[in-house]
Amino acid sequence: MKQTSFIIIGITDNPNPWFPREVLQIIRQGKVFSGGKRHHEIVKPLLPDDAEWIDITVPLDAVFGQYHDEVVVFASGDPLFFGFANTIKRKMPEAEIVVYPTFNSLQMLAHRLVMSYHDMRIVSLTGRPWPEFDKALIERTAKIGILTDKEHTPATIAQRMLEYGYTDYTMYVGEHLGNPEKEKVTTLTLDEAARTEHAMPNCVILCSVCRDLIATTPFGIPDSSFSLLDGREKMITKMPIRLLTLQALDLPHRHVFWDIGFCTGSVSIETRLLFPHLEVHAFEIRPECEAIIQENVCHLGAPGINVHMGDFLETDVSSLPRPDAVFVGGHGGHLKEIMAKVLTVLAPDGVIVMNSVKAPKVTTDSHQLWDKACSELGLIQEPPMKIVVDDHHPIEILKAHNNKSQK
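Read on for an overview of the structure. Position numbers for residues count from 1 along each chain, tracking the sequence in the order it is written. Selection of residues for local features in this predicted model requires a pLDDT of at least 70, selection of side-chain atom pairs for listing and counting requires 80 or more, and totals for whole chains, interfaces and linings are taken over all residues. As a rule here, side-chain values come from all non-hydrogen atoms in the structure, and water together with hydrogens is ignored.

Looking now at the packing of helix H12 (residues 335–343) against helix H13 (residues 366–377). Close contact between H12 and H13 brings their axes to 9 Å; oriented N to C, the two are set at 40°. Here H12 is positioned oblique relative to H13, judged by the angle of their axes. Where H12 crosses over H13, the two elements pack in a sense that is right-handed. Listed contacts from H13 to Leu335, Lys336, Met339, Ala340 and Leu343 of H12 are Ser366, Leu369, Trp370, Ala373, Cys374, Glu376 and Leu377. Note on definitions: angles span 0 to 180 degrees between N-to-C directions of axes, and those axes are lines fitted to C-alpha atoms, for helices only across the stretch in contact. Here a helix means four or more residues in a row that DSSP labels H or I, a strand means two or more in a row labelled E, and each is numbered from the N terminus. In what follows, roughly perpendicular refers to angles from 65 to 115 degrees, roughly parallel to angles under 35, roughly antiparallel to angles over 145, and oblique to any angle outside these ranges. Take the far helix as your reference; a near helix turned counterclockwise from it by less than a right angle gives a left-handed crossing, and one turned clockwise gives a right-handed crossing. Should any heavy atoms of two residues lie within 4.5 Å, those residues are considered in contact.

Structure (structure tokens):
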């Protein structure tokens with residue numbers, strides 16, 4: 001059976017596209033063509049009378065099932081720039097591919113603005129969630145180029161930035177780039193952008209108002225920066241303890257972090273700001289803590305923390321990605337049960353960390369509960385780290401991993 005091959009031609013939003021002679025010859029001789037509905041409208045006058053057209057729609061498996069022989073595909077901009085050529089390479093890795101690119105939309109917007117773009121960080125929100133964009137914000141990226149869609153519009157992007165305090169940016173929006181009749185480029189403040197609708201397709205460039213923007217994420221958030229549960233200072237993991245806890249979790253090399261019993265959210269927020277590559281899930285049984293963590297993440301600029309309210313032991317975690325780092329911030333006397341549930345999903349190289357307070361009036365020693373749980377669950381413990389902060393009670397940072405993991 002003959003292997004399907006692809007010729008992928010990049011186009012802009014111009015209703016009267018120009019193609020070099022070589023590409024025009026390919027179109028004249030083509031039999032099977034494919035692309036989005038908008039692409040079809042643009043190139044339809046150039047196609048042979050007997051051309052077969054295959055719309056690119058979801059589900060893509062059905063589209064690829066229709067491809068045969070040599071397919072001429074029309075795609076937006078550079079097909080290798082978050083484009084359909086990458087989809088073909090993923091779904092049909094043996095297929096022969098030839099690409100004739102044009103400028104992608106972000107390049108065109110930069111050209112209209114006479115803006116250099118070699119230092120621009122690219123984020124695609126086209127059919128994708130927020131994490132990469134949140135990561136770019138947390139890392140205080142000075143220039144961000146964004147591919148949008150109908151859900152992730154310039155307005156919703158601006159609203160998210162304002163919600164989490166990332167206000168020092170100017171937004172540039174390009175609409176229908178390449179179309180001489182509809183093309184529009186707009187410069188907006190984030191307040192203006194949050195209230196403005198734009199025609200699709202569009203793309204966005206964000207530039208920091210501060211030309212010399214550098215990363216300003218603090219290494220250790222002051223305890224006074226957090227809103228507390230009922231104003232109780234003891235209901236927060238102190239900053240030095242937080243940092244040592246994150247060190248014990250070995251977070252630079254982890255992927256998914258769970259914070260069980262987040263209370264004010266201090267550990268989750270510190271984790272999110274210092275290690276924005278992590279997917280963070282925070283669990284808490286006390287309903288009043290939901291408003292507290294929301295206030296703290298907005299105030300401290302930590303978007304992207306997944307909050308789960310309710311009893312952890314009753315929470316369905318089957319659809320969540322497997323954690324490889326877990327911090328038990330509160331257990332309500334059910335430490336063994338919580339750890340047992342964690343072990344059902346913990347990645348093979350995962351670790352569990354808990355802080356134990358050595359308070360003289362506490363009748364149930366959490367370190368003893370930890371030792372008992374680790375022994376009964378077959379966990380391997382590492383030597384505890386003991387620390388005293390100011391006049392507070394001594395803290396022991398406890399760490400364990402399952403017997404399948406490697407230290």
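On to helix H1 (residues 21–29), then. Of the residues making up H1, those classed as buried are Val23, Ile26 and Ile27. Down the axis of H1, the smallest arc covering the buried residues is 95°, so these residues share one side. Among the exposed residues of H1, those pointing more than 90 degrees away from its buried face are Arg21, Glu22, Arg28 and Gln29. Its buried side turned inward, H1 meets strand S1 (5–11), strand S2 (32–35), strand S4 (70–76) and strand S5 (96–100). Relative accessibility under 20% of the residue-type maximum defines a buried residue, over 50% an exposed one, and the middle range a partly exposed one, all with a 1.4 Å probe and only protein chains included. Working note: the arc is built from the helix axis to C-beta atom directions.

This part is about the sheet that holds strand S17 (residues 395–402). Taken in spatial order, the seven strands make up an open sheet running S13-S12-S11-S14-S15-S17-S16, and their pairing is mixed. Both edges of this open sheet fall to strand S13 (306–309) and strand S16 (379–387), since each of them pairs with a single strand only. When strand polarity is set aside, the average angle formed by the axes of neighbouring strands in this sheet is 15°. Bridge count between strand S14 (residues 325–328) and strand S15 (residues 351–357): four bridges; the pairing is parallel. For Val328, the partnering residue across the bridge sits in S15 and is Met354. Most of the contacts of helix H10 (residues 266–274) go to strand S11 (residues 256–260), to which it runs at about 160°, and overall it touches S11, strand S12 (279–284) and S14. At least two bridges found by DSSP between two strands are what make those strands a pair.

Aromatic rings from Phe, Tyr and Trp, with only the six-membered ring used for Trp, were paired whenever their centres fell within 6.5 Å, and each pair was classed as stacked if the ring planes differed by under 30 degrees, edge-to-face if by over 60, and tilted otherwise. Using the criterion set out here, one finds eleven aromatic pairs in the structure. With a centroid separation of 6.3 Å and 15° between ring planes, the pair formed by Trp53 and Phe74 is classed as stacked. Here Phe74 lies in strand S4 and Trp53 lies in strand S3 (residues 52–55), a separation of 21 residues in the sequence. Judged on exposure class, the residue Trp53 and its partner Phe74 are both buried. Geometrically, the ring pair formed by Trp258 and Phe312 is edge-to-face, given 6.1 Å between the ring centres and 75° between the ring planes. With Trp258 in strand S11 and Phe312 in the loop between S13 and S14, this pair connects stretches of sequence that are 54 residues apart. As far as the burial class goes, Trp258 and Phe312 line up, both buried. Across from the ring centre of Phe64, 6.0 Å away, lies the NZ or CZ of Lys91, which sits over that ring. Consider the ring centre and the ring normal. A charge sits over the ring if Lys NZ or Arg CZ is within 6 Å of that centre and within 35 degrees of that normal.

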